[in-house]
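Structural features, examined
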Amino acid sequence: MRFLTALCFLLVTHASVAQLKSATVSGRVVDENEHPLSNVSVTILGKNNGILSSDSGTFLLKVEAGKAFAIIFSHTGYADIQKNFFLSKGENETVTIRLLRSGKTLEAVVVQDDRERKETGLVKINPKNVLTLPSTTGGIEALIKTLVGSNNELTSQYNVRGGNYDENLIYINDFEIYRPYLVSSGQQEGLSLINPELAKNVNFYTGGFQSKYGDKMSSVLDIQYKKPVKFGGSVYVSLLEQGLHLEGRAKKNAVTYLFAVRNKSNRNLLSNQPTQGAYIPSASDVQGYVTYKLNAKWQLELLGIISASRFTFFPESVKKTASVFSPFFTANVGLDIYFEGQEKDSYTSSMAGASILNTPSKNLRLKWMLSRFKDKEKENFDIAGAYLFGERDFDNSSSTFGQIVNPLGQGYYQNYARNELNIEVWNASHKGSLEKGKHFFQWGTSVELTKINDKLRQWEYQDSAGYSLPHVPGNAQLFSSQNSAVDLDVQKYSGYIQDNIHLSKGKNDISLQAGVRFNYNSLNREFLVSPRLQASWKPKGKNDVIFKAAVGVYNQPPFYRELRRYDGSVNTAIKSQKSLQVVVGMDYNFVGIGGRPFRFTSEAYYKAMTDVVPYDIDNVKIRYLGNNNARAYTTGAEFRLFGELVKDAESWLSVGFMRSRENLDNDHYFQYKNAAGEIIGPSTPDQVVADSAQVNVGWLRRPTDRLITVGLFLEDYLATNKNFKVHLNMLYGSNMSYNIPGSVRYRNGLIIEPYIRVDMGFSALLLSERSTRRSHSPFKGFENIWLSLEVFNLINRENTISYQLIKDFTNSTYAIPNRLTPRLLNLKLIGRF
């Protein structure tokens, strides 16, 4: 009896001790309308097992006491909620959890709508990823760079499948927008006209796009701003950019509105540039989008954008270094430049658009649009530099460490410009669509008037070892000079018609998109017709695979920059650039790691181009030769994988292979030989030219040619706390060619080394669960607040963007690389309400 009594006492004591080492969390799960939710998964973060809420929404979970843990509440169709706890022994905490309907868009991961999967070249981009993507420029364009590659973190420009930035179309709510044209370096750029906080749908076409999109050869970025269903907004502050946006409805939901203001300053970023001086960049914009539902069939939409950028720069000095390897010597060649003067640039863009939508029936949709785009740019600089060039001492034990100890050359140069460009574009257009049976007809027509006023006054003086270049004895010469004024009025007329046909016969599901568009402009009086065709095939029984192909003609009439030659003259007789494009690809959805959905896409493409206007790229400035004197082709393949490597963490990998070549007409040079048959220069001292031969250059790499591009975006979070996240943005691009301006022989004379860039961001959720806050809390109205620490250029790689050419005392030319930004930290605070 005493043994049984002792045994019972020990068991009760052990049970009491075990109970004191644990704690419990209980409560109720409801939706936004306070209705109980059953079968809600209640799981400790990092554990595989959990419980489900009851029919009345209640739950009771036993947990370990004395340590921090987090519980995840998840239910199909609702956004997950994480709740953090730290409970003492025997403590019980009761909570009420409110789950909200999920607003997460997964188009970029797995596309469930087959109509979107069947579009050739289409990538759906989730604009919500913009604020979490670690990037110096931010914006939708930063996401695009992870898909198509980049070679400059200071610019929002991007190149697609061998084309330059001028070959890309950008639409906001069906209105075409433009960017400043006088920008010559990424540090001068301001804000992109696209505000990601206002965007709802972002469709990016890498090629083979439909007839309804305009007349350019590379890509389309089609953005639709959202129509909010309730009041809300966001605010963010960082060391580089600040912004605020508001949205909501009014007049019994008949009116929706979006309003946003942004400000950006790259001073912290530019202060780490190799060129030292006073950088004063600033950019700001205001945007508004209002819709008014007049009645059940008519709706009015208004879009307004005003953007202003200023860039002021007082350069002081720069020290550049490059390593030279040759059979004769190896050295660290340095260039020291000491500046005087200043640069003041301004870029102001405004856009106003109005559209009226009419829906006579559920199958018929009509839209009329009127817009005005205004661009006013000024580029003013007067900068002189005295330089010393030679071998730099890198022996840190030497008294001359870091100095140039063996001079190879010295000189002086001055750059001067007073340039003004004013562009005004008026556009009136109509478009419509009709759905009838298996057919979806779309059509449109547009009338556009473009006014261009350009004043170019620019010159450059170069002096090497006391002699002006080019050297003319007894006479000082300018190295280059442009002085011209142009006024152009260009009328453009365009239109299209296309039919999307869905066929489902037997074992095959086939869709076709057939269309044609026309274009006429008064500048060169060309009338162009561009037929385009797309097809997709979805085998029956294999619902996760779609095969697709496209073929079409893509013509690009000149806008303005193509008309400008190197000497500043304008060629108004220039023709449109023309291309024939073929694309084949596949789209495959599958279940991957942890049973999560993944999407794999692949496309191969070929572009044959005629009447090409060749160009050179220096930093971000595109300088055309101003004549249709080349043929070109681009071919390649792209592979992309989208998915969640960990649950609810979106990631993707993009890999591209490409070759882009061009052949200029009459691109040849002469090779000279002396009497001994040795190759010499045409004016080599003490040598007599005995023979010469013409060398035809042939096919060369285009300025945007890049064999391999890789983009990687990864998202992850702590295994024990989902509110701490990390984002990784990695870009790799193999080498590119750099053309020596004005040289036929050395058009591909230099190579820009591979571009490698890694940016990383760390984010922490500071505030969530609005319902648990006190009524007098200043953050009562916020849904969440995130704090992010971003590390730009994590590996601190010195990427090259261009070269500066310097001559030594023997008239030999050296190329000194211009570097991009080093490692930099940025802090960002984001709140949504």
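1. Describing unusual backbone geometry
In this model, Asn39 sits at a positive phi of 60°, which is unusual for a non-glycine residue. Within the element layout of this structure, Asn39 appears in the loop between β1 (22-30) and β2 (41-44).

2. Section: the pattern of salt bridges
In this structure the tally under the stated criterion is 31 salt bridges. Across the pair Arg392 and Asp336 runs a salt bridge, and its minimum N-O distance is 2.7 Å. Taken together, the positions of Arg392 in strand β19 (residues 364-392) and Asp336 in strand β18 (residues 330-361) put the pair 56 residues apart, joining distant regions of the chain. Here Arg392 matches Asp336 in class, with each residue buried.

3. Side note on a nonpolar patch on the surface
A contiguous nonpolar patch, built from Val237, Leu239, Phe762, Leu766, Leu787, Leu789, Leu825, Leu827 and Leu829 and spanning about 770 Å² of accessible area, is present on the exposed surface. Where the nonpolar patch is concerned, the elements lending two or more residues are β41 (755-767), β42 (784-792) and β45 (824-832). Within the secondary structure, Leu239 sits in the loop between β13 (232-238) and β14 (241-250). By relative accessible area, Leu239 is classed as partly exposed at 46%.

4. Quick word on the sheet that holds strand β4 (residues 58-64)
The three strands lie next to each other as β4-β1-β7, forming an open sheet whose pairing is mixed. Of all the strands in the sheet, the pair left with one neighbour each is β4 and β7 (92-98). Ignoring which end each strand starts from, the neighbouring axes of this sheet average 25° apart. As defined by bridge partners, β1 adjoins β4 across seven bridges and the pair is classed as antiparallel.

5. Here we look at the environment of Ala630
Its place among the elements puts Ala630 in strand β31 (residues 630-646). A relative accessible area of 4% places Ala630 in the buried class. Between the C-alpha atoms of Ala630 and Val545, which are 85 residues apart in sequence, the distance is 40 Å. Those residues in contact with Ala630 that sit more than four places away from it in its chain are Thr610, Asp611, Val612, Pro614, Asn663, Leu664 and Asp665.

6. Side note on the packing of aromatic side chains
As enumerated under the stated definition, the model contains 30 aromatic pairs in all. Considering the side-chain rings of Phe642 and Trp652, the 6.5 Å spacing of their centres and the 50° angle between planes classify their relative orientation as tilted. Placement of the pair is Phe642 in strand β31 and Trp652 in strand β32 (residues 649-664), with a sequence separation of 10 residues. We classify Phe642 as buried; its relative accessible area is 3%.

7. A word on helix α3 (residues 139-148)
Taking burial as the measure, the 10 residues of α3 include 10 buried ones, the bulk of the element. For α3, the complete set of buried residues consists of Gly139, Ile140, Glu141, Ala142, Leu143, Ile144, Lys145, Thr146, Leu147 and Val148. In the stretch just after α3, Gly149 is the one whose phi turns positive, near 95°.

8. Quick notes on the confidence of the model for the protein chain
The pLDDT averaged across the protein chain works out to 86; a share of 91% of its residues lies at or above 70. Averaged pLDDT values over the elements of the protein chain bottom out at 41 in helix α1 (residues 2-20) and peak at 95 in strand β9 (residues 168-172). Predicted confidence for residues 1-20 stays below pLDDT 50, and this span has three contacts to residues more than four positions away or in other chains. Of the regions scoring below 50 in pLDDT, residues 103-113 engages in 27 contacts with residues more than four places distant in sequence or in other chains.

9. Let's talk about the nonpolar core
With 59 residues, the main nonpolar core has Tyr158, Leu221 and Tyr225 as its most contacted residues. If sequence neighbours within four positions are ignored, Tyr158 has contacts with Glu141, Ile144, Val148, Tyr165, Asn168, Ile170, Phe204, Ser219 and Leu221.

10. Quick word on the sheet that holds strand β10 (residues 175-176)
Paired through their backbone hydrogen bonds, the strands of a sheet run either parallel or antiparallel. Read across the sheet, five strands follow the order β8-β11-β12-β9-β10 without closing on themselves; strand pairing throughout is mixed. At either margin of the open sheet sits one strand with a lone partner, and together these are β8 (122-125) and β10. In this sheet, β10 lies alongside β9 in antiparallel orientation, the contact comprising two bridges. Counterpart to Tyr171 in the pairing with β10 is Glu176. Relative to the sheet, α3 contacts β8, β11 (199-205) and β12 (219-225), its axis offset from that of β8 by approximately 135°.

Calculation notes
Residues numbered from 1 in each chain as written. Predicted model: local features only at pLDDT ≥ 70, side-chain atom pairs only at ≥ 80, totals over all residues. Heavy atoms only, no water. Helix = DSSP H or I, 4+ residues; strand = E, 2+ residues; numbered from the N terminus. Salt bridge = Lys/Arg side-chain N within 4 Å of Asp/Glu carboxyl O. Buried < 20%, exposed > 50% of the residue type's maximum accessible area, 1.4 Å probe, protein only. Patch = residues over 30% accessible without salt bridge, like charges linked within 9 Å, V, L, I, M, F, W, Y side chains within 5 Å. Areas by Shrake-Rupley, 256 points an atom, 1.4 Å probe, with all protein chains shown as cover. Pairing = 2+ DSSP bridges. Axes fitted to C-alpha atoms, helices over the stretch in contact; angles between N-to-C directions. Contact = heavy atoms within 4.5 Å. Phe/Tyr/Trp six-rings, centres within 6.5 Å; stacked < 30°, edge-to-face > 60°. pLDDT = per-residue confidence, 0-100. Core = buried A, V, L, I, M, F, W, Y, C linked by side-chain atoms within 4.5 Å.

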